[in-house]
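# Close look at the chain arrangement
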Amino acid sequence: MTAASMSRLLMAHRSVRAYQARPIEPELVDRVLAESLAGSSSSGNLNMVSVIKTRDAERKARLADLHFGQPMVLQAPLVLTFCADTFRTRQWLAQRQARLGFADFLSWHVAAFDAMILAQTTALAFESQGLGICYMGTTLHSMGAIAEFLDMPENCLPVTSMVVGWPAESPAQRDRLPVEAWIHDERYERPSAEQIDARFGERERRGWERYRAMGEEMIQRMQEQGITSLAQFYTSRIKYDPDRFAEDSVLLRALLQESGFLPRPALPDAR
């Protein structure tokens, strides 16, 4: 791939949420996944990741429930769940009489970041084939239930999911923050209030228009909650509710303990 074709691929990215009723050849899926792992960096080359493919209609229906009823889960022919997986590595260590490791918080980060790197490489690879993808952040809010449904062992948890299929829509490109907002030279530059206003201005205008264009029901919900800006919308009960995030953070910590990535609470002294 030339630099120019790579640039075109990156600029053509869209999150696709409507799909044709057309299957993806299993050989293509497996080839893309194999090439994506080969083309992704991996800490220590341990490959502490797993990818679970879901194509069965009934099983996708259950995943749709776990992903808050998103219709694209039912429409797309393929759902991929990317997992942080140190279970397999720990098995290998045990079978070679090596010291057991990779059952701690740092290992969770290593495996989770590797899974995200693989997911993004996979996204680009599918898009290069003309397929569409959409990540599902709902994975983080249903991690335990998804892990149970997909029969994941200890030291293995879902990190992100994506739907894949042949697009039935061509959405407009989403705006991003301007480069001066997030590229820093040598050290972090803290933005002034004036710079925040300037750098978020276009994002606020376009985002506010996009969410209000969803219809009268959305506008009414915003009015009921007194939402008058995109910033207020993003931390409202409609979008990324801080109270919900706090609750799910507690659940995530407990799940990491149950899965062996954090020490379990000490049992009370029975004496």
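Described in the following lines is the structure provided in the data block. (Residues numbered from 1 in each chain as written. Predicted model: local features only at pLDDT ≥ 70, side-chain atom pairs only at ≥ 80, totals over all residues. Heavy atoms only, no water.)

## Let's talk about the packing of aromatic side chains
Tallied over the full model, the rule gives 6 aromatic pairs. Relative to F233, the ring of Y211 has its centre 4.4 Å away and its plane inclined at 40°; by these criteria the two rings are tilted. A residue pair is termed long-range when its members are at least 10 positions apart, and Y211 in helix α9 (residues 193-212) and F233 in helix α11 (residues 230-234) qualify at 22 residues. Across this residue pair, the class does not change: Y211 and F233 are buried. Between Y240 and F245, the aromatic rings sit 6.0 Å apart at their centres with planes inclined by 65°, giving edge-to-face as the arrangement. By relative accessible area, which is 41% here, Y240 ends up partly exposed. Of the aromatic side chains, those joined through ring pairs into one cluster are Y211, F233, Y234, Y240 and F245. Against the face of W166 rests R22, its NZ or CZ located 3.9 Å from the ring centre. The cationic tip of K239 hangs over the ring face of Y234; the distance from NZ or CZ to the ring centre is 5.7 Å. (Phe/Tyr/Trp six-rings, centres within 6.5 Å; stacked < 30°, edge-to-face > 60°. Helix = DSSP H or I, 4+ residues; strand = E, 2+ residues; numbered from the N terminus. Buried < 20%, exposed > 50% of the residue type's maximum accessible area, 1.4 Å probe, protein only. Lys NZ or Arg CZ within 6 Å of the ring centre and 35° of its normal.)

## Topic: the sheet that holds strand β3 (residues 132-136)
Pairing in this open sheet of 4 strands is antiparallel, and the strands run β1-β2-β4-β3 from one edge to the other. Looking at which strands have only one partner, the edges of the open sheet turn out to be β1 (49-54) and β3. Averaged over neighbouring strand pairs, the angle between their axes works out to 25° when direction is ignored. In this structure, strand β2 (residues 78-85) lies alongside strand β4 (residues 156-165), joined through 8 bridges in antiparallel fashion. Of the residues in β4, the one forming a bridge with C83 is P158. (Pairing = 2+ DSSP bridges. Axes fitted to C-alpha atoms, helices over the stretch in contact; angles between N-to-C directions.)

## Things to note about empty space enclosed by the protein
Inspection of the entire model under this criterion finds 1 cavity of 30 Å³ or more. Lining of the largest cavity is provided by L37, S40, S41, S42, N47, V49, D114 and L118. Residue composition of the lining of the largest cavity, by class: 3 nonpolar, 4 polar and 1 charged. (1 Å grid on protein atoms, 1.4 Å probe; cavity = no way out; pocket = protein on both sides within 12 Å on 5 of 7 lines; lining within 4 Å. Points joined across faces, edges and corners; volume = space filled by probe spheres on them. Nonpolar A, V, L, I, M, F, W, Y, C, P; charged D, E, K, R; others polar.)

## Remarks on the packing of helix α2 (residues 26-38) against helix α6 (residues 105-128)
Contact geometry for α2 and α6: axes closest at 9 Å, N-to-C directions at 130°. One way to sum up the angle between α2 and α6 is to call them oblique. Here α2 and α6 pass one another in a crossing that is right-handed. Together, V29, V32, L33, S36 and L37 of α2 and L118, T121, T122, A125 and F126 of α6 make up the contact between the two elements. The class makeup of the residues in the contact of α2 with α6 is 7 nonpolar, 3 polar and no charged. (Parallel < 35°, antiparallel > 145°, perpendicular 65-115°, else oblique. Left-handed = near helix turned anticlockwise from the far one by under 90°. Contact = heavy atoms within 4.5 Å.)

## Notes on the pattern of salt bridges
Where charged atoms from two side chains of opposite charge approach closely, those side chains can pair. Inspection of the entire model under this criterion finds 8 salt bridges. A salt bridge links E202 to R205, with the shortest nitrogen-to-oxygen separation between them at 2.5 Å. Pair noted here: E202 and R205 are both in helix α9, with a separation of 3 residues, about one helical turn. What makes E202 partly exposed here is its relative accessible area of 42%. Across the pair R205 and E209 runs a salt bridge, and its minimum N-O distance is 3.2 Å. A residue pair is termed a helical-turn pair when its members lie 3 or 4 positions apart in one helix, as R205 and E209 do in helix α9 at 4 residues. Residue classification places R205 among the partly exposed residues on the basis of a relative accessible area of 40%. Linked by salt bridges that have partners in common, E202, R205 and E209 make up one network. (Salt bridge = Lys/Arg side-chain N within 4 Å of Asp/Glu carboxyl O.)

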